[in-house]
Amino acid sequence: MKIAVMPNLGKKDAAFHTGNVIDKLHEFGADVLMKQSFQNAFPRCGVIFYSDFSRMMSDCDAVIAVGGDGTIIHCARHAAAVEKPILGINVGRLGFVAGLEANELDRLQQLVGSQYLVEERMMLEVRLETGGGVQVYRALNDAVLARGALSRILDFKVNFNDANVCDYRADGLILATPTGSTAYSLSAGGPVIDPSIQCILLSPICPHSLLTRSVVFGPDARLSVQASSSYDSEIFLTVDGETSVQIQDGQKIDFYRSPQAAKIIKLKQDNFYEIVNAKLAERRN
């Protein structure tokens, strides 16, 4: 089995844990693939290094991401594009998307032996029309429309299948997948949604109304959002906390279920609610 390992070496102790991952994979008989840029960090580990990232993703059978949730989500989008399953190994704080903790690497024998389940996670597709054409982004967690640091409250108009369904006055709007329901949306008061369910969750950020609540739309919903300001405020679209684009006042952005899905490897039998309870207990501590 050929496994592409994609670490975030900016995380504390990530290089140490990645070395352990490489050693375990070799012990269990797997070939390890990595980007050429990691060669100096792992010079004598028997790794096959690739200068062509696309070729590496095409050649591998599975992907391992070593880092926190942000790292795993970033790598999962790349894996989804080539329909490869991904396993996250948590060396961050919470690790909602991770399948293993850093002290559970003996379970990698199940991965190499193809003794695992794959859980498909819905992704969100975001379309933004610009003067240069249509920009398409994909999110595993969420897409956020929000004001700039010094801007004032924004007005949002939300259309569902071309019909206006709700308007908000708020600092921003979060459009999340079920996977993203435990991320920013949860902090904004949104519900926790089992990732086996397919839906789009809309949660306002600091809404200017006590009656404003999150809304859950079906998987086939086509949502469009326009944000505007009476004060020439800056408006930004941020996808999975990684890609940020400044939006023009009143510019329409479309959101719907992506045809791509992330394939998350499960090596353990714990269910989603056990993971959420355990991770939220860690956050409280």
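Just above, that's the structure.
Calculation rules
- Note on numbering: residues in each chain are counted from 1, in written sequence order.
- Side-chain atom pairs in this predicted model are given and counted only at pLDDT of 80 or more, local residue features only at pLDDT of at least 70, and totals for whole chains, interfaces and linings cover all residues.
- Note that water and hydrogens are dropped before the side-chain values are worked out from all heavy atoms of the structure.
- A helix here means a DSSP run of H or I that spans at least four residues, while a strand means a run of E at least two residues long, and both kinds are numbered starting from the N terminus.
- With C-alpha atoms as the basis for the radius of gyration, the globule rule is written as 2.2 Å multiplied by the number of residues raised to the power 0.38.
- The cut-offs for exposure are 20% and 50% of the maximum accessible area for each residue type, with area from a 1.4 Å probe on protein chains only; residues under the lower value are buried, those over the upper are exposed, and the others partly exposed.
- By definition in these notes, contact holds between two residues if any of their heavy atoms fall within 4.5 Å.
- In this description, accessible areas are obtained by the Shrake-Rupley approach with a 1.4 Å probe, and a residue is regarded as covered only by the protein chains that are shown.
- Charge counting follows a simple rule: Lys and Arg are positive, Asp and Glu are negative, and His as well as the terminal groups are ignored.
- Charged side chains are reduced to one point each, which is NZ for Lys, CZ for Arg, CG for Asp and CD for Glu.
- Side-chain rings of Phe, Tyr and Trp, where Trp is taken by its six-membered ring, are said to pair if the distance between their centres is within 6.5 Å; with planes under 30 degrees apart they count as stacked, over 60 as edge-to-face, and otherwise as tilted.
- Both a distance and an angle decide whether a charge sits over a ring: NZ of Lys or CZ of Arg must be within 6 Å of the ring centre and within 35 degrees of the ring normal.
- The definition of a polar contact used here is a pair of N or O atoms within 3.5 Å, where within protein one atom must be able to donate a hydrogen and the other to accept one, and adjacent residues in sequence count solely through side-chain atom pairs.
- A pair of strands is treated as paired once DSSP finds two or more bridges between them.
- Angular values range over 0 to 180 degrees, each being the angle between N-to-C directions of two axes fitted as lines to C-alpha atoms, with helices fitted over their stretch in contact.
- Expected span of a helix: the number of residues minus one, times 1.5 Å.

Draft legend 1. Region of interest: the overall build of the protein chain. The helix and strand tally for the protein chain stands at six helices and 18 strands. Taking 2.2 N^0.38 as the reference for a compact globule, 285 residues should give roughly 19 Å; the C-alpha atoms of the protein chain span a radius of gyration of 20 Å, in line with that estimate. When its C-alpha atoms are laid out on the principal axes, the protein chain stretches across 60 × 40 × 35 Å. Buried positions account for 48% of the 285 residues belonging to the protein chain. Relative to all contacts within the protein chain whose residues are 6 or more apart in sequence, the contacts with residues 24 or more apart total 65%. Per element, the accessible surface of the protein chain, about 13600 Å² overall, is 46% carbon and sulfur. Charge-centre separation for the protein chain: the mean point of 28 positive side chains lies 2 Å from the mean point of 32 negative side chains.

Draft legend 2. Broad picture of the packing of aromatic side chains. For the structure shown, the criterion picks out one aromatic pair. Judged by centre distance (5.5 Å) and plane angle (35°), the ring pair of F160 and F217 falls under tilted. Of the two residues, F160 sits in strand β10 (residues 154-160) while F217 sits in strand β14 (residues 215-217), which places them 57 residues apart along the sequence. F160 sits in the partly exposed class, given a relative accessible area of 30%. For F217, a relative accessible area of 8% corresponds to the buried category. Its end group placed over the ring of Y256, R222 keeps NZ or CZ at 4.2 Å from the ring centre.

Draft legend 3. Representation of the environment of Q198. With respect to the secondary-structure elements, Q198 resides in the loop between α5 (184-187) and β13 (200-205). The spatial distance from the C-alpha of Q198 to the C-alpha of Q36 is 37 Å, given a sequence separation of 162 residues. Contacts of Q198, omitting those with residues within four sequence positions, involve M122, P219 and R257. A polar atom in the side chain of Q198 sits 2.7 Å from the side chain of R257.

Draft legend 4. View of the pairing of strand β15 (residues 223-228). Here β10 runs beside β15; their pairing, made up of six bridges, is antiparallel. Pairing of F160 across the sheet is with L223, part of β15. In terms of strand pairing, β15 meets strand β18 (residues 252-266) through four bridges, oriented antiparallel. Within β18, the residue paired with V225 across the bridge is I253.

Draft legend 5. Representation of the pairing of β18 in the model. Bridging between strand β7 (residues 117-130) and β18 involves eleven bridges; their strand directions are antiparallel. Looking across to β18, one finds that L128 is bridged to I253.

Draft legend 6. Looking closely at the sheet that holds β13. Taken together, the six strands give an open sheet; going across it, the order is β14-β13-β12-β9-β16-β17, and neighbouring strands pair in antiparallel fashion. The open sheet terminates on both sides in strands that have one partner only, identified here as β14 and β17 (243-247). Pairwise comparison of adjacent strand axes, ignoring direction, gives a mean angle of 20° for this sheet. The pairing of strand β9 (residues 142-147) with strand β16 (residues 235-239) spans five bridges and is antiparallel.

Draft legend 7. Spatial organisation of helix α3 (residues 69-81). Along its 13 residues, α3 runs 18 Å from first to last C-alpha, staying within 8% of the 18 Å computed at 1.5 Å per residue. Those residues of α3 that sit buried are D69, T71, I72, I73, C75, A76, R77, A79 and A80. Looking one or two places after α3, you find E83, whose phi comes out positive at around 60°.

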